[in-house]
Every structure is written in structure tokens, then in C-alpha cells.
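Chains, contacts and geometry: an overview
Okay, here's what each chain looks like letter by letter:
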Amino acid sequence: MFDQVMPRYLPIDTYDAENPVLFINTHKELSDMAACAMHRFTVVRDLTDTLSSLNLTGISDCDLTRVTRAVHLLMREGCAILDVIQARALQREEGFKTAV
């Protein structure tokens, strides 16, 4: 993705639909995208902090599956946003290199 022109709306593949439903607006401000990704990572961090302090010996498979699905979904979305931020940052850096 780094050496190509990014589409304005990039689908997030969350594996819950045959065709993508959620998209990243790649033209948004980098600070807005970073805040969106950060929010997802903060939620995951807080959830895992809570889980690490609990006694999970009695947790059911169903509950554990629900928690891991939530963590997985939030991490996929956050990483997809970071991929766009990285691609745009690299494009900006390349622009600076050619302008010099």
C-alpha cells in the first residue's frame, strides 16, 4: 500500500460480512485517525488490565470467546488505521525527499 495511491475509503476487513461494511476515510487528518486508533488500543489495554487482575479459573469458554473476539476486533480496526497513518507518513516523507 505504501507505493500506491490510497483510495479515499479503504475497507476494514473484519471477517463478519462477505463485502466490507466499515471503511477508513484515508483523507481525514492524521491526528483524528491517530485518536481513533488510540481509543481502540486504550479500550483493549484497559480490558486486559482488568482481566489480568481477575481470578479467571472459573471463566467459561463462552465468556473467554466473547472477550477475545472483542479484543481481536478492536485490535484489527486500530491496526488498520495505523497502516493508513504509516502509509501517509511514508508518502509525506518521500515528498520531502524529492523536494530537497
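As recorded by an unreviewed UniProt entry, the protein carries the name Fructose-bisphosphate aldolase and is attributed to Pseudomonas wuhanensis.

As a further point, take the overall build of the protein. Secondary structure assignment for the protein yields 2 helices and 2 strands. Mapped in sequence order, the helices and strands of the protein form the string β-β-α-α. Since a compact globule built from 100 residues should have a radius of gyration of about 13 Å, the 17 Å found for the protein marks it as more spread out than a globular shape. Along the first, second and third principal axes, the C-alpha set of the protein runs to 60 × 30 × 20 Å. Per-residue burial for the protein yields a buried fraction of 21% across its 100 residues. Of the contacts formed within the protein by residues at least 6 apart in sequence, a portion of 68% connects residues at least 24 apart. If you sum the accessible surface of the protein, you get close to 7400 Å²; carbon and sulfur atoms cover 58% of it. For the protein, the distance from the average site of its 10 positive side-chain charges to the average site of its 14 negative ones is 5 Å.

Here we come to the nonpolar core. M6, L10, I12, I24, L30, M33, A37, A80, I81, V84, I85 and A87 together form the largest nonpolar core, which totals 12 residues. Contributing elements (two or more residues each) for this core: α1 (30-52) and α2 (61-99). In terms of residue count, α2 provides more of this core than any other element does, 5 residues in total.

Summed over the entire model, instances satisfying the criterion amount to 3 salt bridges. Between D63 and R66 there is a salt bridge, and its shortest N-O distance comes to 3.3 Å. Of the two residues, D63 and R66 both sit in helix α2, 3 residues apart, roughly one turn of that helix. Under the relative-accessibility criterion, D63 is labelled partly exposed at 35%. A relative accessible area of 54% places R66 in the exposed class.

This next bit is on the side chain of T26. By secondary structure assignment, the location of T26 is in the loop between β2 (23-25) and α1. Of the polar contacts made by the side chain of T26, one reaches the backbone oxygen of P7; its length is 2.6 Å. The contact partners of T26, leaving out residues within four places of it in the chain, are M6, P7, R8, L10, M33, V84 and R88.

With that settled, consider the confidence of the model for the protein. The pLDDT averaged across the protein works out to 89; a share of 93% of its residues lies at or above 70. Put simply, α2 is where the protein has its lowest mean pLDDT, 89, and β2 is where it has its highest, 96.

Okay, the side chain of R88 next. With respect to the helices and strands, R88 occurs in helix α2. Buried charge without a salt bridge: R88, with E29 as the nearest opposite-charge side chain at an N-O distance of 5.8 Å.

About the criteria used
- Residues numbered from 1 in each chain as written.
- Predicted model: local features only at pLDDT ≥ 70, side-chain atom pairs only at ≥ 80, totals over all residues.
- Heavy atoms only, no water.
- Helix = DSSP H or I, 4+ residues; strand = E, 2+ residues; numbered from the N terminus.
- Rg over C-alpha atoms; globule rule 2.2 N^0.38 Å.
- Buried < 20%, exposed > 50% of the residue type's maximum accessible area, 1.4 Å probe, protein only.
- Contact = heavy atoms within 4.5 Å.
- Areas by Shrake-Rupley, 256 points an atom, 1.4 Å probe, with all protein chains shown as cover.
- Lys, Arg positive; Asp, Glu negative; His and termini not counted.
- Charge placed at Lys NZ, Arg CZ, Asp CG, Glu CD.
- Core = buried A, V, L, I, M, F, W, Y, C linked by side-chain atoms within 4.5 Å.
- Salt bridge = Lys/Arg side-chain N within 4 Å of Asp/Glu carboxyl O.
- Polar contact = N/O pair within 3.5 Å; in protein donor to acceptor, adjacent residues only side chain to side chain.
- pLDDT = per-residue confidence, 0-100.

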